[in-house]
Amino acid sequence: MREKMLEEEGGENGAVAVDPRLKAISESIRVVPHFPKPGIMFNDITTLLLHPGVFKDAVDIFVDRYRHMTISAVAEARGFIFGPAIALAIGAKFIPLRKPKKLPGEVISEKYVLEYGTDCLEMHVGAVQPEERVIVIDDLVATGGTLCAAIRLLERAGAEVVECACLIGLPKFKGYCRLNGKPVYVLVESRQ
Ligand SMILES: O=P(O)(O)OC[C@H]1O[C@H](OP(=O)(O)OP(=O)(O)O)[C@H](O)[C@@H]1O
Ligand SMILES: Nc1ncnc2[nH]cnc12
């Protein structure tokens, strides 16, 4: 299942591989061993957010990549830390994908499996129109379960998911990968 979702492709992660801003981005992420469960090396981005220059560099890298790709919506699940800033900068709308029972209107739902449990995402019906070009942002990709659930929600609404973008990827996401057929763009590898 996981192998089916995640198809690796050869190749480098483009200019990002040599971007001098990436070192500080990577170093500002705190790694917390055994959180929230034994064996999980938790990549904590809250320490990056305490450095406005580094936080801005991360947002800018995504903005530079997506500003000329005719993206009309940016979707993000649960945390909403990077998506709204990127959406505003590229002139796109922002679509929050939330945990169950948080959105008051009519919703569609997708269940998914996480590194440490199962969960569910919901999106308002009407948040996106058929054929709109959307990117999905997340702070971290581990199993890919969250991004795949987001892709499924958006595609059920008829949207075109152009790419998924993550600040941090577990090592298997190094280079250029796809999830459910969609490209995954990753800035830095997780620190273990
Ligand atoms: O690739 P995956 O295995 O799906 O894991 C990645 C997800 O895990 C984390 O969120 P988490 O669900 O822990 O909680 P949060 O969204 O409430 O921060 C992270 O923010 C990603 O959204
Ligand atoms: N290792 C990890 N660090 C932070 N968030 C995560 N979500 C899933 N795995 C994670």
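In every chain, residue numbers begin from 1 and rise along the written sequence. The naming scheme follows written order: chains are lettered A onward, ligands numbered 1 onward. For a predicted model such as this one, the threshold for reporting local features is a pLDDT of at least 70, and the threshold for listing and counting side-chain atom pairs is 80 or more; totals across whole chains, interfaces and linings nevertheless cover every residue. Values reported for side chains reflect all heavy atoms of the structure, with hydrogen atoms and water molecules removed beforehand.

### A word on the packing of helix H4 (residues 52-66) against helix H5 (residues 83-90)
- Axis separation between H4 and H5 bottoms out at 9 Å; the angle between their running directions is 40 degrees. By the angle between their axes, H4 is oblique relative to H5. Considering the relative orientation of H4 and H5, their crossing is right-handed. Note on element contacts: H5 touches H4 through Ala85, Ile86, Ala89 and Ile90, opposite Val59, Phe62, Val63 and Tyr66.
- Of the residues contributing to the contact of H4 with H5, the split by class is 8 nonpolar, no polar and no charged. Helix axes use the C-alpha atoms of the stretch in contact, all axes being lines fitted to C-alpha atoms, and the angles between their N-to-C directions lie in the range 0 to 180 degrees. In this text, helices come from DSSP runs of H or I with a minimum length of four residues, and strands from runs of E with a minimum of two, each type numbered from the N-terminal end. Roughly parallel means an angle under 35 degrees; roughly antiparallel, over 145; roughly perpendicular, 65 to 115; everything else is oblique. For a crossing to be left-handed, the near helix must be turned anticlockwise from the far one by less than a right angle; the clockwise case is right-handed. Throughout, a residue-residue contact means that at least one pair of heavy atoms, one from each residue, lies within 4.5 Å. Throughout, the ten residues Ala, Val, Leu, Ile, Met, Phe, Trp, Tyr, Cys and Pro are labelled nonpolar, Asp, Glu, Lys and Arg are labelled charged, and all others, Gly among them, are labelled polar.

### Side note on the environment of Met41
- For Met41, the location among the structural elements is in strand E3 (residues 41-44).
- Only protein chains enter the accessibility calculation, which uses a 1.4 Å probe; a residue is then buried when its area is under 20% of its type maximum, exposed when over 50%, and partly exposed in between. By relative accessible area, which is 29% here, Met41 ends up partly exposed.
- In this structure the C-alpha to C-alpha distance between Met41 and Ser190, which are 149 residues apart in sequence, comes to 9.0 Å.
- Excluding residues within four positions of it along the chain, Met41 makes contact with Val31, Val32, Pro33 and Gln192.

### A closer look at the confidence of the model for the chain
- For the chain, the average pLDDT comes to 90, and 90% of its residues sit at 70 or higher.
- What pLDDT reports is the predictor's confidence in each residue, on a scale of 0 through 100. Here residues 1-17 scores under 50 on pLDDT; set against residues more than four positions off or in separate chains, the count is 36 contacts.
- Reported for the predicted complex are a pTM of 0.91 and an ipTM of 0.94.

### Description of the pairing of strand E4 (residues 73-77)
- Burial analysis of E4 places 5 of its 5 residues in the buried class, which makes it a mostly covered element.
- Burial along E4 is two-sided: Ala73, Ala75 and Ala77 and Val74 and Glu76, pointing in opposite directions, are all buried.
- When DSSP locates at least two bridges between a pair of strands, those strands are taken to pair. Two strands pair when backbone bridges link them, and E4 and strand E5 (residues 93-97) are joined in this way by 5 bridges, in the parallel orientation. Bridging across to E5, Val74 finds its partner in Phe94.
- Throughout, right-handed denotes a crossover for which the path from the first strand over the helix to the second runs clockwise when the strands point away from the viewer. Of the crossover connections in this fold, the one passing from E4 over H5 to the parallel E5 is right-handed.
- The pairing of E4 with strand E8 (residues 133-141) spans 4 bridges and is parallel. Pairing of Ala73 across the sheet is with Val134, part of E8.

### Quick notes on the pattern of salt bridges
- Whenever Lys or Arg places a side-chain nitrogen within 4 Å of a carboxyl oxygen from Asp or Glu, that contact is recorded as a salt bridge. Under the defined criterion, the tally for this structure stands at 12 salt bridges.
- Note that Glu110 and Arg152 form a salt bridge whose closest N and O atoms lie 2.6 Å from each other. With Glu110 in strand E6 (residues 107-114) and Arg152 in helix H6 (residues 145-156), this residue pair connects regions lying 42 residues apart in the sequence.
- Given the relative accessible area of 13%, Glu110 is considered buried.
- Between Arg156 and Glu110 there is a salt bridge whose closest N-O contact spans 2.9 Å. Of this pair, Arg156 sits in helix H6 while Glu110 sits in strand E6, placing them 46 residues apart in sequence.

### Points about the packing of aromatic side chains
- Stacked, edge-to-face and tilted labels apply to pairs of Phe, Tyr and Trp rings (six-membered ring for Trp) whose centres lie within 6.5 Å, assigned for plane angles under 30 degrees, over 60, and everything in between, in that order. One pass over the full model with this rule turns up 5 aromatic pairs.
- Relative to Tyr185, the ring of Phe62 has its centre 6.3 Å away and its plane inclined at 70 degrees; by these criteria the two rings are edge-to-face. Placement of Phe62 in helix H4 and of Tyr185 in strand E11 (residues 182-189) is noted, with a sequence separation of 123 residues between them.
- Aromatic ring contacts, followed pair by pair, group Phe62, Tyr66 and Tyr185 into a single cluster.
- Over the ring of Tyr185 we find Arg65, and its NZ or CZ is 3.8 Å from the ring centre. Criterion for a charge above a ring: Lys NZ or Arg CZ within 6 Å of the ring centre, and within 35 degrees of the ring normal.

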